[in-house]
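Chains, contacts and geometry: an overview
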Amino acid sequence: MRLKLVPDVTTIDFMGKAKYAIGLSGIAIILAAISFFTLGLNFGIDFRGGTVIELRFPEIPDLSQIRAIVGGLDLGDVAVQEFGQPNEILIQLEASIVPEGALTPDLIVTNALAEVYPALEVRRVEFVGPKVSGELVQAGAIAITLAVLAVLIYIWLRFEWQFAVGAVAALVHDVVLTIGVFSEVQLEFNLSIIAAVLTIVGYSINDTVVVFDRVRENLRRYKSKPLAEVLNISINETLSRTLMTSGTTLIALLALYFLGGEVIRGFTFGMIWGIIVGTYSSIFIAAVVLLYLGVKRDWSKPDDAAGVQFGTSEAP
């Protein structure tokens, strides 16, 4: 007997809950915006510039003692925190100009700590200059913007302009909420999070295209049914595929989140959140925007308000 997470036939009235979904998304976006403009993002070393040192001690160290040692080295702003296991410490130093021939900040710190903890193990040292970090911020913003624009063009050419607007609205929704949640929980925002956001864009548009393909098929099949009913039928018909894809992806991501270590924890957290909001937006944002904009139903009659596929004058 096969295990079925979703029945073969479902009749959930998704469009009937559209107002509640839009209200929920609106509140979430407002909270994300307030958090972003008040708390900001906890930029990692990739965007702030500076030095990151990951250390492992043979025993659980005294954090207050380490802070006192590093703070007394006159290296500017210093952050000391646990990283992964209780005996692993992450030290972040602000970017500074090192005179020629002088010891670099990481060597100054490790030498000072080695006098107190001789068995200290240096696991990782990363340095990013302030100029490079500024360029990375700009490059990350451009990458996300270009990805959303590319999706807009792709959907516009494959479907009609109403579908394109719905898909891009869902993508912007996902990106805003993902950046917002990183601001709200103050997780480190670094280059790997940019990679997660771009991956979320690809995942979300894939899910949206699956729903839109079924919507287009059903628009031809049910020409007399109200658009809301056609959207409900289409979403219900793809619901099993959507939940199975999202569920199996989440299983892998949860394993990475709990077992993959601190280095990739921010990336996996962003992906988990993105999968959840991406699945939600494919149903309650992209489809709802399509409902409000309307779409051409009868291709035998001209309709200047509806778009057509690229290079055609009628339905394929």
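Check the entry above for the structure.
All right, on to the pattern of salt bridges then. As enumerated under the stated definition, the model contains 10 salt bridges in all. Glu 54 is the partner of Arg 123 in a salt bridge, and the nearest nitrogen-oxygen pair spans 3.5 Å. Of this pair, Arg 123 sits in strand E5 (residues 121-128) while Glu 54 sits in strand E2 (residues 50-56), and the two are 69 residues apart along the sequence. Accessibility expressed as a relative area gives 40% for Arg 123, which makes it partly exposed. Using a relative accessible area of 5% as the deciding quantity, one classes Glu 54 as buried. Among the ionic pairs, Glu 229 bridges to Lys 225, the shortest N-O distance being 3.2 Å. What you see here is one network of salt bridges that share partners, running through Glu 54, Arg 56, Glu 88, Arg 123, Arg 124 and Glu 126.

What follows deals with the sheet that holds strand E4 (residues 85-94). If you trace the 4 strands from one edge of the open sheet to the other, you get E3-E4-E2-E5, paired in antiparallel fashion. The open sheet has two edge strands, strand E3 (78-83) and E5, and neither has a second partner. In this sheet, neighbouring strand axes are inclined to one another by 15° on average, regardless of whether the strands run parallel or antiparallel. Looking at chain direction, E2 and E4 are connected through 7 bridges and run antiparallel.

This brings us to the packing of helix H6 (residues 161-185) against helix H9 (residues 265-293). Contact pair H6 / H9: the axes reach a minimum separation of 7 Å and the direction vectors enclose 145°. At the point where H6 passes H9, the crossing takes the right-handed sense. Classifying every residue of the contact of H6 with H9 gives 19 nonpolar, 9 polar and 1 charged.

Once that is clear, we can look at H6. Owing to its 3.6 residues per turn, the α-helix aligns residues three or four sequence positions apart on the same side. Helix length check: H6, at 25 residues, gives a terminal C-alpha distance of 36 Å against a target of 36 Å (1.5 Å per residue), a fit within 8%. Of all 25 residues making up H6, 18 are buried, and the element is well covered by its neighbours. Looking one or two residues beyond H6, the residue adopting positive phi is Gln 186, at roughly 60°.

When E3 meets E4, the two strands line up antiparallel, connected through 6 bridges. The residue of E4 that forms the bridge with Ala 79 is Gln 92.

Right, let's talk about unusual backbone geometry for a bit. A positive phi is found at Gln 186, a non-glycine position, where the angle reads about 60°. Tracing the chain through its elements places Gln 186 in the loop between H6 and strand E6 (188-189). Residue classification places Gln 186 among the partly exposed positions, given a relative accessible area of 33%.

Turning next to the layout of surface pockets. In this structure, the largest pocket spans a volume of roughly 550 Å³. Broken down by secondary-structure element, the contributors of at least two residues to the lining of the largest pocket are strand E1 (42-43), helix H2 (45-48), E3, E4, E5, helix H7 (191-221) and H9. Top element by residues in the lining of the largest pocket is E3. It accounts for 4 residues. Its residues placed into classes, the lining of the largest pocket shows 12 nonpolar, 7 polar and 8 charged.

Quick notes on the rules
- Residues numbered from 1 in each chain as written.
- Predicted model: local features only at pLDDT ≥ 70, side-chain atom pairs only at ≥ 80, totals over all residues.
- Heavy atoms only, no water.
- Salt bridge = Lys/Arg side-chain N within 4 Å of Asp/Glu carboxyl O.
- Helix = DSSP H or I, 4+ residues; strand = E, 2+ residues; numbered from the N terminus.
- Buried < 20%, exposed > 50% of the residue type's maximum accessible area, 1.4 Å probe, protein only.
- Pairing = 2+ DSSP bridges.
- Axes fitted to C-alpha atoms, helices over the stretch in contact; angles between N-to-C directions.
- Left-handed = near helix turned anticlockwise from the far one by under 90°.
- Nonpolar A, V, L, I, M, F, W, Y, C, P; charged D, E, K, R; others polar.
- Expected span 1.5 Å × (residues − 1).
- 1 Å grid on protein atoms, 1.4 Å probe; cavity = no way out; pocket = protein on both sides within 12 Å on 5 of 7 lines; lining within 4 Å.
- Points joined across faces, edges and corners; volume = space filled by probe spheres on them.

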